[in-house]
Amino acid sequence: MKPGSVIIIGAGVGGIVAGTHLARAGVDVTVLEKNSHAGGRCDRFSRDGHHFDAGPTLMVMPLLYEAEFAALGTSLREKLDLQRVDPTYHLVFDDGSRLALTSDMKSMQEQMEAFEQGSFRGLLRYMEEGHRHYHVGMEKLVNRDFRKASDFFALSNLPLAFQLKPFANHYRNLSAYFDDPRLKAAFTFQDVYMGLSPFEAPATFSLMPYSELAHGVWYPRGGMYSIVEALVELAQGAGVAFEFDASVERIDVNGSQARGVVLSDGRRLQAEAILANADLPYVYRDLLPEDGEAGRLSRKRFSCSVISFFWGVDKTYPQLPPHTLFLAEDYRDNFTSIIHDLGLPANPSLYVHAPARLDPSMAPEGQDTLIGIVPVGHMSENGEQDWAAIRDEARGHVFRRLRTIGITDLEEHIKFEVNYTPLSWKKRYNLMKGSTHGLCHNLTQLAYFRPRNRHSRYHNLYFVGASTHPGTGIPTAMVSGRLAAQRMLDEIM
Ligand SMILES: Cc1cc2nc3c(=O)[nH]c(=O)nc-3n(C[C@H](O)[C@H](O)[C@H](O)COP(=O)(O)OP(=O)(O)OC[C@H]3O[C@@H](n4cnc5c(N)ncnc54)[C@H](O)[C@@H]3O)c2cc1C
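In this numbering scheme, every chain counts its residues from 1 along its sequence in written order. With pLDDT at 70 or above as the cut-off, local features in this predicted model cover only qualifying residues; side-chain atom pairs require 80 or more to be listed or tallied, and sums for whole chains, interfaces and linings still use all residues. Processing note: side-chain calculations cover all non-hydrogen atoms of the structure and skip hydrogens and water entirely.

Draft legend 1. Seen up close, the sheet that holds strand E14 (residues 305–313). One requirement defines pairing of two strands: DSSP has to find at least two bridges between them. Only DSSP runs of H or I covering at least 4 residues are called helices, and only runs of E covering at least 2 are called strands; the numbering of each starts at the N terminus. Taking strand neighbours across the sheet as the criterion, the 7 strands line up as E7-E6-E15-E16-E17-E14-E18 in an open arrangement whose pairing is mixed. Because the sheet does not close on itself, it has two edges, and the strands there are strand E7 (98–100) and strand E18 (414–420). Within the sheet, the average angular offset between the axes of one strand and its neighbour, ignoring direction, is 20 degrees. Sheet analysis places strand E6 (residues 90–93) next to strand E15 (residues 323–327), joined by 4 bridges and oriented parallel. From the neighbouring strand, Phe-93 faces E15, where its bridge partner is Leu-327. It only takes one pair of heavy atoms within 4.5 Å for two residues to be counted as in contact. Under this scheme, a helix contributes an axis fitted over its contacting stretch, all axes are lines through C-alpha atoms, and angles between N-to-C directions fall in the 0 to 180 degree range. Contacting E14, strand E17 (368–376) and E18, helix H17 (residues 422–429) crosses the sheet at an angle of about 90 degrees to E14.

Here's what the structure looks like:
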């Protein structure tokens, strides 16, 4: 074993970023990735000149990206060619009304007043609250580690209970700002990014719609995978070694130490410390000896999943904006079906992404690249869900919704389809229950209550990524990488 060496299991965003910080501090870092390339959930594939971002499609919370690229010794805007997406989303409601969310406040005023008189003043007050939640939340919860109970249960954190409204329900809290259910949906659907229903999410999450309007939603030329390419380049520049098609079968442990890993090809590799970027509940269940913790984790709440359709289309649909969201009238029932019944709602809200509107090179000339995403429940324990049938039903809903905005001939123009169901998410990235955002972000699974980034028994085994602190999302995975690397440097390297 090389002294000062670390093995990272998984080349997701968190693993790449943690590896870069460690290597910049002089640590010998090897990343083992089961797939043929880096990125994990932030994945990409191409077919016949159509380029698809298979996971994330929205670059949100740009201030976090800026800070994390700076922490890696570079500048976000030097590494990526960014454009602001404004309007961010085009929302389409069941009654045919539409709302384009934009930072142009005059346009927001005109649109919102047509929905409900006085609602624009409500939006301004809601933004004020979102501003507080964003800045206090980033400083006190996201950008810091909770290594011990006293880091969280400190007197100085008491004001957070009032400042961040953690005990108020996000959807209900909106009644203080407007009454129209379409507006309440427009400023809470972002909770799905956390795998949460707005009917149970803490009101703290107003920070998301606030940041989208105030800081913008962005798009890097070449698509979201350009972020991974930039991060891998930084990692390699710092000396991180990547090994692809290298699946870890188990972590070798002894007493209170992790000694190394055993790969599926039989090789054994040793290191002074291990950092697991593979999703945390999977690591406990599949890579470590059984000690009861895996069972406890699997009983925790998991985020929902999605069915994604990737279509190469032989004509363009210029009338389709980059990010269109169809929000269902039965908004509350949607979440009940997904989160409690683990199924597909009868009339699901769904999202369609047309990346070629932002970067024409994402599709061959005169053609289109389309992605339809339908949120669904995660896989159930009993495995009774018929994912092929659910997928076909979900596809029908995307076509039905597109017809309501005048796109009636899509089915005839699809050259090919690739689709991912929860089974695909599980198989490709080892995500337990096919849950796209890992452990859910409800109050009892956040901050100090989220699984810690160091194993309680094996003191040189650390965790990074969506199911540990701070949680899901690309910029948050970057924060997680920095925090985990810092902890390792403080404690053992
Ligand atoms: C459909 C979808 C849409 C999303 N949309 C957005 C969005 O718009 N904006 C946003 O910011 N975020 C979005 N996210 C969330 C974001 O993609 C993730 O939170 C983030 O990429 C997770 O990074 P991570 O560090 O947890 O690593 P992961 O992506 O989980 O990567 C872990 C890596 O470990 C590898 N691995 C697993 N097991 C092993 C093993 N045994 N041996 C070796 N390697 C292994 C996996 O193959 C994977 O590459 C989305 C996610 C999904 C799935």
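Picking up after the structure, the text goes on.
Draft legend 2. Quick peek at the pattern of salt bridges. For this document, the term salt bridge refers to a Lys or Arg side-chain nitrogen within 4 Å of an Asp or Glu carboxyl oxygen. Scanning the model with the defined rule gives 31 salt bridges in all. Salt-bridge contacts for Arg-44 lead to Glu-229; the nearest nitrogen and oxygen are separated by 2.9 Å. You can see Arg-44 sitting in strand E3 (residues 44–47) and its partner Glu-229 sitting in helix H11 (residues 225–238), a full 185 residues away along the chain. Burial classes: relative accessible area under 20% of the type maximum marks a residue as buried, over 50% as exposed, and values in between as partly exposed (1.4 Å probe, protein chains only). Since its relative accessible area comes to 30%, Arg-44 is described here as partly exposed.

Draft legend 3. Just the sheet that holds strand E2 (residues 28–32), in detail. The parallel open sheet is built from 5 strands, whose spatial order is E9-E2-E1-E13-E19. Only two strands of the sheet have a single neighbouring strand rather than two, namely strand E9 (241–243) and strand E19 (461–463). Averaged over all neighbouring strand pairs, the angle between strand axes comes to 20 degrees, with direction disregarded. Inspection of the sheet shows E2 paired to E9 by 3 bridges, in the parallel sense. Pairing of Val-31 across the sheet is with Phe-242, part of E9.

Draft legend 4. Geometry of the site of the ligand. Taken together, 37 residues are adjacent to the ligand, and Gly-14, Glu-33, Arg-41, Asn-430 and Gly-473 come closest. Within the backbone of Lys-34, a nitrogen or oxygen atom sits 3.1 Å from a nitrogen atom of the ligand. Tyr-282 is positioned such that a nitrogen or oxygen atom in its side chain is 2.9 Å from a nitrogen atom of the ligand. Throughout, the Shrake-Rupley method with a 1.4 Å probe supplies accessible areas, and for residues the shown protein chains are the sole cover considered. Protein burial of the ligand: of its 1,000 Å² of free accessible surface, 96% is covered by the chains. When residues of the shell around the ligand are traced back to their parent elements, those giving at least two are helix H1 (13–24), H17 and helix H18 (474–491). Any residue that is not Ala, Val, Leu, Ile, Met, Phe, Trp, Tyr, Cys, Pro, Asp, Glu, Lys or Arg is counted as polar, Gly included; the first ten are nonpolar and the last four charged. Grouping the constituent residues of the shell around the ligand by class yields 17 nonpolar, 16 polar and 4 charged. Being near a molecule or strand, for a residue, comes down to having at least one heavy atom within 4 Å of it. Polar contacts, as used here, are pairs of N or O atoms within 3.5 Å; protein pairs need one atom able to donate a hydrogen and one able to accept it. Residues neighboring in sequence count only if both atoms are side-chain atoms.

Draft legend 5. Focus on the state of the cysteines. For the purposes of this analysis, a disulfide is any pair of cysteine sulfur atoms at a distance within 2.5 Å. What the rule picks out here adds up to 0 disulfides. Of all cysteine sulfurs in the structure, the one in Cys-304 sits closest to Cys-42, which takes part in no disulfide; the separation is 18 Å. As a non-bridged cysteine, Cys-304 has Cys-440 as the owner of its nearest cysteine sulfur, 8.4 Å distant.

Draft legend 6. Seen up close, the packing of aromatic side chains. Here the aromatic set is Phe, Tyr and Trp, taking the six-membered ring for Trp, and pairing holds for ring centres within 6.5 Å; pairs whose planes are under 30 degrees apart are stacked, those over 60 apart are edge-to-face, and all others are tilted. Here the structure, examined in full by the defined rule, presents 32 aromatic pairs. On the basis of an interplanar angle of 65 degrees and a centroid distance of 6.4 Å, the ring pair of Tyr-126 and Phe-178 is categorised as edge-to-face. One end of the pair, Tyr-126, is in helix H5 (residues 119–142); the other, Phe-178, is in the loop between helix H8 (170–173) and helix H9 (181–186), with 52 residues separating them in the sequence. As far as burial versus exposure is concerned, Tyr-126 and Phe-178 are alike and both buried. Following the ring pairs from residue to residue traces out a cluster consisting of Phe-45, Phe-52, Phe-310, Phe-416, Tyr-420, Trp-425 and Tyr-429. Placement of a positive charge over a ring is assigned whenever Lys NZ or Arg CZ falls within 6 Å of the ring centre and within 35 degrees of the normal to the ring plane. Against the face of Phe-416 rests Arg-47, its NZ or CZ located 4.3 Å from the ring centre. We note Arg-77 situated over the ring of Trp-218; from NZ or CZ to the ring centre the distance is 4.8 Å.

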